[in-house]
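Spelled out from the first residue to the last, the chains are:
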Amino acid sequence: MTKPLALVFYEELLPGSQLVNRLQDLGYRVQTVVQLGELLTAAEKEKPMVLLMDLKAASGDIAGAIRQIKSGPQTSHLPILAFTGKKNRELQKSATAAGASLVAFDDAILKQLPQLLEQVLQVD
């Protein structure tokens, strides 16, 4: 049986690389995207089960990227688990408004990843 695919966008090495390792430990295949402009194309092509996004990116409009993914016909169903620091309230709000399924704090995401994935993957 094929392992589920998680697409992970991050620019900062930590917690990005740790998140990749944790997902692999949980039985996911992982593909990383480090260029925000490549995110939609990767999501359309690879058809992941879930997308994890670091909101602290210097390369562009994260909320715009989330909005683009959630409005695309091939990607609108894709659950998005976003993460950022506790102090980044504006990033949290903009990600939620753009369509992120769940926003978590980056200092807790590794410890709580199984529960967060279960929550974000729940089908209504």
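Now for a look at the structure at hand.

So, how was this worked out
Residues numbered from 1 in each chain as written. Predicted model: local features only at pLDDT ≥ 70, side-chain atom pairs only at ≥ 80, totals over all residues. Heavy atoms only, no water. Axes fitted to C-alpha atoms, helices over the stretch in contact; angles between N-to-C directions. Helix = DSSP H or I, 4+ residues; strand = E, 2+ residues; numbered from the N terminus. Parallel < 35°, antiparallel > 145°, perpendicular 65-115°, else oblique. Left-handed = near helix turned anticlockwise from the far one by under 90°. Contact = heavy atoms within 4.5 Å. Nonpolar A, V, L, I, M, F, W, Y, C, P; charged D, E, K, R; others polar. Salt bridge = Lys/Arg side-chain N within 4 Å of Asp/Glu carboxyl O. Buried < 20%, exposed > 50% of the residue type's maximum accessible area, 1.4 Å probe, protein only.

**Thoughts on the packing of helix α3 (residues 62-71) against helix α4 (residues 89-98)**
Following both chains from N to C, one finds α3 and α4 inclined at 15 degrees, their axes separated by 8 Å at the closest point. By the angle between their directions, the pair α3 and α4 is classed as roughly parallel. Considering how the two elements wind past one another, α3 and α4 form a crossing that is right-handed. Residues A63, I66, R67 and K70 of α3 touch α4, and the partners they reach there are S94, A95 and A98. In the contact of α3 with α4, the residues fall into four nonpolar, one polar and two charged.

**As for the pattern of salt bridges**
For the structure on display, the rule yields four salt bridges. The residue E12 makes a salt bridge to K56 at a minimum N-O spacing of 3.8 Å. Taken together, the residues E12 in the loop between β1 (5-9) and α1 (13-25) and K56 in the loop between β3 (50-54) and α3 connect sequence positions 44 residues apart. Notably, a salt bridge pairs K86 with D107, separated by 3.9 Å at the nearest N-O pair. Placement of K86 in the loop between β4 (80-84) and α4 and of D107 in the loop between β5 (102-105) and α5 (109-120) is noted, with a sequence separation of 21 residues between them. Its relative accessible area of 48% is what places D107 among the partly exposed residues. What emerges from the salt-bridge pattern is a single network uniting E12, K56 and D106.

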